[in-house]
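# Structural overview for review
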Amino acid sequence: MVVTPTPRPIFISRSNVWTTAFRQFNRPRFSESSGMLYVTFASDEMEEDAEDLGGPRREFFRLLVRAIFQGSGAFEESPNGFTPKLNIAHVQNGVYRTIGKMMSTIIVQGGEPPAFLAPHVVDYIVTEDILQVRVTPDDIADAELRDSLKKVKQASTVDELEEALDCCDTWRFQIEGLPNPVTMDRRNEFIRNATLYHVILHQQSCFNQLMDGLSYYGVLPLLREHRSMRIFLDMPEKRDEVTAEVLACLLKPSYSVLGSNKRPKEELMVVKFREFLQCVENKELGEILGARTLTEEEKDFVQNLGLGHILAFATGSSKIPAVGFQPNPKIVFIHDEIKRHPVAHTCSNELLIFVNAKNIADDDEFEYCFVVALMNGALFSTI
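Here the structure is a predicted model, which is why all the values come from computation and not from measurement.

Counting its regular elements, the protein contains 18 helices and 9 strands. In the protein, once contacts between residues fewer than 6 apart in sequence are set aside, the share between residues at least 24 apart is 68%. Total accessible area on the protein is roughly 19300 Å²; 51% of this is exposed by carbon and sulfur atoms.

Pasting the structure below:
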């Protein structure tokens, strides 16, 4: 007999995702269960009446990733991505271990991958060998410290090297094992070892807890056995945004019975939807709606609208999750001459588009109604 793990209900405040999520994940009995999370949101002290069939969970994971890197105080950003920030209170309270559990849960349960870590962080996680970690001064979050090491690297004469080293005097004599004196021949060794100290050795306790937490669900052994899985954690050189082509392929239309006289209208709506995606991608929507008198709020929204907002509106996730969408997203056509604004069912990943004379008309009605729907669906479209 196959035993299905019992779903784990958690209650999250939208106004304080980090605090409420940490409280839930840090419960002693949390690790004893491996069931899917069942998320209930609270907004403005009111419980949201939405059954979690997948959409609220994906939305929670997306908000949680942002909270981990921006609201937890456990990370700081370098030019190459996020790196652990030593916080003694966080170490004492096991915050980094809990974050590891959060990341494991996000990866396994179909959330957007927490792929914001600097490559050197992931190097150390998957190897636990400092000799295999690739580092550069750009891995250091502190701008002053980073710039001082860059000056050492860029020095072309002995005098320039000595001048650059003067900027490092406040800390370099406190680190055992650095080259001393630093010569032109040994400056690369100095730069590498100093960088390793500042980005890994100084935060060793943070890394130990983070890796312990990533062992939850067995994610850490998988990362080490299958190195290609590091893409779930690695900050890419360029974060790929959802494209109009990808989004159009992802949201597959569900047509009426073949041969019905409704089919041509549905196909026309598919064309209008794809044209809408292209306008958003090319930042042309403002021109399309130029004949309308938009409010300042609408103008600002249109200017900042991206395809990730539309994907989040339809599925609760602004990026494609590591394990894909379950169930597969689709467009469902509803023939209704009154309703015009698209509706999203994020639990079933369905985007409902209403087929009628107003939406089919050769004007900007469909585009405007879509914008209004996105604005009113802010709980699921804010990214």
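Let us now look at the pairing of strand β5 (residues 81-84). Relative to β5, strand β4 (residues 75-78) runs antiparallel, the two being bridged by 4 bridges. Counted as the bridge partner of serine 78 is glycine 81 from β5. Linkage of β4 to β5, two consecutive antiparallel strands, is achieved through a turn of 2 residues.

All right, on to the packing of helix α5 (residues 119-127) against helix α9 (residues 204-214) then. For the pair α5 and α9, the least separation of the axes is 11 Å and the interaxial angle reads 60 degrees. Of the two elements, α5 crosses α9, and the hand of that crossing is right-handed. For the pair α5 and α9, contact is made by Val121, Tyr124 and Ile125 and by Gln204, Phe207, Leu210, Met211 and Leu214, respectively. Split by residue class, the contact of α5 with α9 holds 7 nonpolar, 1 polar and no charged.

By the criterion of burial, strand β9 (residues 350-355) is predominantly enclosed, with 6 of the 6 residues buried. The side-chain alternation of β9 yields two buried faces, one formed by Glu350, Leu352 and Phe354 and the other by Leu351, Ile353 and Val355. Taking the residues that link successive antiparallel strands as the turn, the strand β8 (residues 343-345)-β9 hairpin has 4 residues, and the phi of asparagine 349 there is positive, at about 55 degrees.

A few words on unusual backbone geometry. The amide bond that connects asparagine 180 to the next residue, proline 181, takes the cis arrangement and shows omega of 5 degrees. With respect to the helices and strands, the residue proline 181 is situated in the loop between α7 (158-166) and α8 (187-199). Backbone geometry places glutamate 128, a non-glycine residue, at a positive phi of 50 degrees. Although it is not a glycine, asparagine 349 sits at a positive phi angle of roughly 55 degrees. As for its position among the elements, asparagine 349 is in the loop between β8 and β9.

This part takes up the nonpolar core. Core analysis: the largest hydrophobic core is formed by 69 residues, its most contacted members being Phe60, Ile68, Met103 and Phe190. Per-element tally for this core: the top contributor is helix α2 (residues 55-70), with 8 residues. Not counting the four nearest positions on each side in its chain, phenylalanine 190 is found in contact with Leu149, Val152, Leu165, Cys168, Trp171, Arg172, Leu178, Pro179 and Val182.

Pairing within the open sheet is mixed, and its 4 strands lie in the order β6-β7-β9-β8. In this open sheet, the two strands that pair with only one neighbour each are β6 (252-254) and β8. For this sheet, the mean inter-axis angle between neighbouring strands, taken without regard to orientation, is 30 degrees. Inspection of the sheet shows β8 paired to β9 by 3 bridges, in the antiparallel sense. Within β9, the position partnered with valine 343 by the bridge is leucine 352.

When you line up the elements, glycine 286 lands in helix α13 (residues 285-288). Look at glycine 286 and you get partly exposed, because its relative accessible area is 40%.

Conventions adopted
- Residue numbers here run from 1 along each chain, matching the order of that chain's written sequence.
- Reporting of local features is limited, given that this is a predicted model, to residues whose pLDDT is at least 70; pairs of side-chain atoms are given and counted only at 80 or more, and all residues count toward the totals for whole chains, interfaces and linings.
- The side-chain quantities take in all heavy atoms of the structure and omit both hydrogens and water.
- Put simply, DSSP H or I for four residues or longer makes a helix, DSSP E for two residues or longer makes a strand, and each gets a number counted from the N terminus.
- Contacts are assigned to residue pairs that have any heavy atoms within 4.5 Å of one another.
- Each accessible area value is a Shrake-Rupley result obtained with a 1.4 Å probe; residue values ignore everything except the protein chains displayed when judging cover.
- In this scheme, strands are said to pair when DSSP sees at least two bridges between them.
- Comment: axis = line fitted to C-alpha atoms, over the contacting stretch for helices; angle = value between 0 and 180 degrees taken between N-to-C directions.
- Helix crossings fall into two classes, left-handed where the near helix is turned counterclockwise from the far one by less than a right angle and right-handed where it is turned clockwise.
- Under the scheme applied, nonpolar residues are Ala, Val, Leu, Ile, Met, Phe, Trp, Tyr, Cys and Pro; charged residues are Asp, Glu, Lys and Arg; polar residues are all the others, including Gly.
- Only protein chains enter the accessibility calculation, which uses a 1.4 Å probe. A residue is then buried if its area is under 20% of the maximum for its type, exposed if over 50%, and partly exposed in between.
- Only buried residues count toward a nonpolar core, which is a set of Ala, Val, Leu, Ile, Met, Phe, Trp, Tyr and Cys residues joined through side-chain atoms within 4.5 Å.

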